[in-house]
Structure formats: C-alpha cells, structure tokens
Amino acid sequence: MELLFVALLGAVIGLAARYFLPGRSTQGSVLVPAIGTVAASALWVALTWLGLDWATGWIWWMSLVGTVVVSVVLNLVISRRRIHGDRRMLQRLANAASAA
C-alpha cells in the first residue's frame, strides 16, 4: 500500500517538475510525471531491499528527495538535448534547401 502512495507522490513531483521548469514545449505531457513515478517506485523498492522500514521517515525522505533530483535533472537534460537536436536538424534542413 505504501508503494502506491510513493508512486502517486512521484507522479505529483514529476508533474510539478514539468510545469515549474523550462522546456515544457519540448516534451510530451506524460514524460516527466512518468519519470517521477518510476524513480519514486524504484527508489522505494531499492531502499526496502536494503532493509529500511516503511514506518521510519528516512525511507520516505530519501525516496521523495531522490525523486525530485531525478525528475529535475532528467527534465533539464531532455529539454536541452531536444532543443539542441532541433537546432541541428533545422540547420541541416536549411543547408539542404539552399544547396538545392
């Protein structure tokens, strides 16, 4: 049951990262919330396997702070790579059009 709550909080964190960080127009609307959901769930399961108890606050803090870090970093990286890739493609298309 706790994994369900963690996954839901991960989706909310991903949604917040999507709307509060730049580059929103370069991604699909579900990408960053899905990253947040997967990151929160994976961190929770990994910490559970390492022996942390769900009743302590540490597993919650570590999972949610880790989700914030993963969501923010991946959002920024994906946005920058997409913008850079779009510029390269536009330049290649402009060069091909001018050569023809």
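Preceding this section is the structure that the text describes.
Attention in this report is confined to the structure presented alongside it.

Concerning the overall build of the protein
Broken down by element type, the protein carries three helices and zero strands. In sequence order, the protein lays out its α and β elements as α-α-α. In terms of its C-alpha atoms, the protein occupies a principal-axis envelope of roughly 65 × 25 × 15 Å. Looking at the protein residue by residue over its 100 residues, the buried ones come to 26%. Contacts in the protein between residues at least 24 apart in sequence constitute 65% of all its contacts with a sequence separation of at least 6. Of the roughly 6,800 Å² of accessible surface on the protein, a fraction of 72% belongs to carbon and sulfur atoms.

Focus on the packing of helix α1 (residues 2-20) against helix α3 (residues 57-99)
Viewed as axis vectors pointing N to C, α1 and α3 meet at an angle of 35°, and their least axial separation amounts to 9 Å. Crossing of α1 over α3 shows right-handed handedness. Residues E2, F5, V6, L9, G10, I13, G14, A17 and R18 of α1 pack against W60, L64, T67, V68, S71 and N75 of α3. The class makeup of the residues in the contact of α1 with α3 is eight nonpolar, five polar and two charged.

Considering α3
When the terminal C-alpha atoms of α3 are compared, their 63 Å separation across 43 residues agrees well with the 63 Å that a helix rising 1.5 Å per residue should span. Residues of α3 that are buried include every one of I59, S63, G66, T67, S71, N75 and S79, and no others. Close packing links the buried residues of α3 with α1 and α2 (31-49).

Quick notes on α1
End to end, α1 covers 27 Å across 19 residues, agreeing with the expected 27 Å (1.5 Å per residue, within 8%). Taken together, the buried positions of α1 are V6, A7, G10, I13, G14, A17 and R18. Along the long axis of α1, the arc covered by the buried residues comes to 140°, so they all point the same way. Exposed positions of α1 whose direction lies more than 90 degrees from the buried face are L4, L8 and F20.

Remarks on the packing of aromatic side chains
Summed over the entire model, instances satisfying the criterion amount to one aromatic pair. The positively charged end of R18 is found above the aromatic ring belonging to Y19, 5.1 Å away from the centroid.

Here's the deal with the nonpolar core
Among the nonpolar cores identified, the biggest contains five residues, and these are V6, A40, W44, L47 and I59. The greatest single-element share of this core, amounting to three residues, is contributed by α2. Not counting residues within four places of it along the chain, the set of residues in contact with L47 comprises L52, I59, M62 and S63.

Examining the side chain of S63
Within the element layout of this structure, S63 appears in helix α3. The exposure class of S63 is buried, given its relative accessible area of 1%. Other than its neighbours up to four places away in sequence, S63 contacts L43, W44 and L47.

Quick notes on the rules
Residues numbered from 1 in each chain as written. Predicted model: local features only at pLDDT ≥ 70, side-chain atom pairs only at ≥ 80, totals over all residues. Heavy atoms only, no water. Helix = DSSP H or I, 4+ residues; strand = E, 2+ residues; numbered from the N terminus. Buried < 20%, exposed > 50% of the residue type's maximum accessible area, 1.4 Å probe, protein only. Contact = heavy atoms within 4.5 Å. Areas by Shrake-Rupley, 256 points an atom, 1.4 Å probe, with all protein chains shown as cover. Axes fitted to C-alpha atoms, helices over the stretch in contact; angles between N-to-C directions. Left-handed = near helix turned anticlockwise from the far one by under 90°. Nonpolar A, V, L, I, M, F, W, Y, C, P; charged D, E, K, R; others polar. Expected span 1.5 Å × (residues − 1). Arc of directions from axis to C-beta. Phe/Tyr/Trp six-rings, centres within 6.5 Å; stacked < 30°, edge-to-face > 60°. Lys NZ or Arg CZ within 6 Å of the ring centre and 35° of its normal. Core = buried A, V, L, I, M, F, W, Y, C linked by side-chain atoms within 4.5 Å.

As far as function goes, none of this settles anything; it's purely spatial.
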